[in-house]
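# Reading the structure
What follows is each chain in one-letter form.
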Amino acid sequence: MSVKDLGRGRRSEQFTPPHGFTAGVEGPACDKEGNLYAVNYEREGTIGKVTPEGVSSVFLELPEGSIANGIRFNRAGDMFMADYTRHRIYRYSWQERRLDVLAEEPAMNQPNDIAISSRDVLFASDPNWGDDTGQLWRIDPDGKTTRLEAGMGTTNGIEVSPDDRLLYVNESVQRRIWVYDLSEDGNVSNKRLFHEFPDYGLDGMRCDVEGYLYVTRFGKGTVAIFSPAGDLVEEVQLLGKECTNLTFGGEDGRTVYVTMKDRGNIERFAADRPGRCRRLFGLV
C-alpha cells in the first residue's frame with residue numbers, strides 16, 4: 001500500500017462490549033490457546049481474560065495496591081505483568097498456578113509497557129508523566145534489573161524485532177519512535193530515530209513476523225503500520241479515539257486486538273501477517 005492510500009484501508013470492529021473494562025484497559029496479550037488478557041476488567045487491579053469467542057471474566061486479582069499495565073508471555077507460557085504503582089514485575093506460573101514478584105526496583109518511575117526477547121529477557125519502558133521524562137530497563141530471567149538509559153522522553157510502547165537484533169521504544173508526549181541495536185546479552189547501542197509524528201500521542205507497539213511495526217496513535221484512533229525500513233505504509237481506522245495498546249492472536253495469529261481507553265473495551269482487525277508474539281510460542 002502506498003502513502004496515498006493511507007486511511008483508505010481496513011477498519012476495526014468491536015470485540016468486547018463497551019465499558020466492560022475500566023478506562024485503564026491496557027496491556028493485551030494472548031496465551032497459546034488464543035485467550036486474550038488485558039488489565040483492569042470490571043475494576044482496577046484485575047487481569048481480565050477474554051476467550052476467542054469474546055466471553056470476558058476476571059482471571060486474576062493482583063495484591064492490594066498493585067495495578068498492572070503491560071502483559072507479556074514467555075516461551076513456556078508464563079505471564080509477566082508490569083505493576084506501575086509498586087514498581088514491580090510480576091510473574092504468573094501456569095504450572096504452579098502461582099503469582100510471584102520477579103523484580104522490584106525502587107528506582108523505577110512506574111514500569112509501563114514490557115517487551116520480551118526469544119531468550120526470555122524483558123525490557124520495560126518507565127515514564128515519568130509529571131515531567132515528561134522516562135527511562136528504559138532490562139529485566140533478566142532471574143529478576144536482575146539494569147537501567148539501560150535515563151533522561152529520555154515519556155517512554156511508553158516497546159518491542160523487540162523478530163530477529164532479536166532491534167529494540168523499539170517510543171516517547172508518547174514527544175511523538176518519537178527510537179530504535180536501538182540489541183546485543184545477545186540484552187544491551188543496547190546505536191540509538192537512532194525511527195519516526196517522528198507531528199501530532200497525537202503514541203502508546204503500545206508490536207511487530208509482526210516480518211518486522212512490520214504496529215503503533216497505536218492515542219487521540220487519533222488509528223494503528224500506524226511501518227515497514228522495517230521505517231516507511232509508514234498504512235493507518236488502520238478504529239472505532240474509538242483513545243487506543244492504548246495492541247497484540248496479535250486468533251487461530252492464524254493475524255488478528256490484532258486493540259485496547260480502547262475511551263470505550264473501555266477491545267477492538268480487533270485482520271492483519272496481513274501473524275504477530276511475532278505468536279512465533280515465540282512456535283505457532284507460526
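Conventions adopted
Counting restarts for each chain: residues are numbered from 1 in the order of the written sequence. pLDDT decides what is reported in this predicted model: residues at 70 or higher carry local features, side-chain atom pairs at 80 or more are listed and counted, and totals for whole chains, interfaces and linings draw on all residues regardless. Hydrogens and water are ignored here; the side-chain numbers use all heavy atoms of the structure. UniProt positions are given in the numbering used here, feature names are shortened, and annotations may be inferred rather than shown by experiment. The helix and strand labels rest on DSSP assignments: H or I over at least four residues marks a helix, E over at least two residues marks a strand, and numbering proceeds from the N terminus. At least two DSSP bridges between two strands are needed for those strands to be called paired. Fitting a line to C-alpha atoms yields each axis, with helices limited to the stretch in contact; the angle taken between N-to-C directions then spans 0 to 180 degrees. Should any heavy atoms of two residues lie within 4.5 Å, those residues are counted as being in contact. In the analysis that follows, any N or O atom pair within 3.5 Å is treated as a polar contact, provided that within protein one partner can donate a hydrogen and the other can accept it, and provided that, for residues neighboring in sequence, both atoms belong to side chains. For Phe, Tyr and Trp, rings pair up if their centres lie within 6.5 Å, where Trp contributes its six-membered ring, and each pair is then called stacked (planes under 30 degrees apart), edge-to-face (over 60) or tilted (otherwise). Working definition: with a 1.4 Å probe on protein chains only, accessible area under 20% of the residue-type maximum means buried, over 50% means exposed, and in between means partly exposed. Throughout this description, the term charge over a ring refers to an Arg CZ or Lys NZ atom that lies within 6 Å of the ring centre and within 35 degrees of the ring normal.

By the naming in an unreviewed UniProt entry, the chain goes by SMP-30/gluconolaconase/LRE domain-containing protein and is assigned to Paenibacillus dendritiformis C454.

## What to know about the UniProt feature "domain: SMP-30/Gluconolactonase/LRE-like region" (unreviewed entry) in the chain
Residues given the UniProt feature "domain: SMP-30/Gluconolactonase/LRE-like region" (unreviewed entry) here are residues 26-260. In this annotation, residues 26-260 is assigned 0% helix and 54% strand; the end-to-end C-alpha distance for the span is 8 Å.

## Considering the sheet that holds strand β21 (residues 232-237)
An order of β18-β19-β20-β21 is seen for the four strands of this open sheet, with the pairing classed as antiparallel. At either end of the open sheet lies a strand with only one pairing partner, and these are β18 (205-207) and β21. Pairwise comparison of adjacent strand axes, ignoring direction, gives a mean angle of 20 degrees for this sheet. With five bridges joining them, strand β19 (residues 213-217) and strand β20 (residues 222-226) adopt antiparallel strand pairing. Along β20, the bridge assignment pairs Leu213 with Phe226.

## Overview of the environment of Asp164
Structurally, Asp164 is set in the loop between β14 (155-160) and β15 (166-171). With 47 residues separating them in the primary sequence, Asp164 and Ser117 have C-alpha atoms 6.2 Å apart. When neighbours within four sequence positions are excluded, Asp164 is seen to be in contact with Ser117, Ser118, Arg119, Leu182 and Arg276. Here the side chain of Asp164 touches Ser118 through a polar contact of 2.2 Å, side chain to side chain.

## Quick look at the environment of Pro274
The residue Pro274 is located in the loop between β24 (265-270) and α1 (276-280) in this model. With 168 residues separating them in the primary sequence, Pro274 and Pro106 have C-alpha atoms 37 Å apart. If we ignore the near neighbours within four places in the chain, the residues touching Pro274 are Asp208, Val209, Phe248, Asp252, Gly253, Arg254 and Val284.

## Description of the packing of aromatic side chains
Per the stated rule, a full pass over the model turns up 13 aromatic pairs. Judged by centre distance (5.2 Å) and plane angle (70 degrees), the ring pair of Tyr37 and Phe59 falls under edge-to-face. With a gap of 22 residues between them, Tyr37 in strand β3 (residues 36-39) and Phe59 in strand β5 (residues 56-61) connect regions that are remote in the sequence. Given the relative accessible area of 23%, Phe59 is considered partly exposed. Between Tyr214 and Phe248, the aromatic rings sit 5.1 Å apart at their centres with planes inclined by 80 degrees, giving edge-to-face as the arrangement. Highlighted residues: Tyr214 in strand β19 and Phe248 in strand β22 (residues 243-249), separated in sequence by 34 residues. Across the pair, exposure class does not vary: Tyr214 and Phe248 are buried alike. By way of ring pairs, the aromatic residues Tyr37, Phe59, Phe73, Tyr92, Trp94 and Phe281 are connected into one cluster. Sitting over the ring of Trp178, Lys191 keeps its end group 4.5 Å from the ring centre. Just above the ring of Tyr212 sits the side chain of Arg273; from NZ or CZ to the centre is 3.8 Å.

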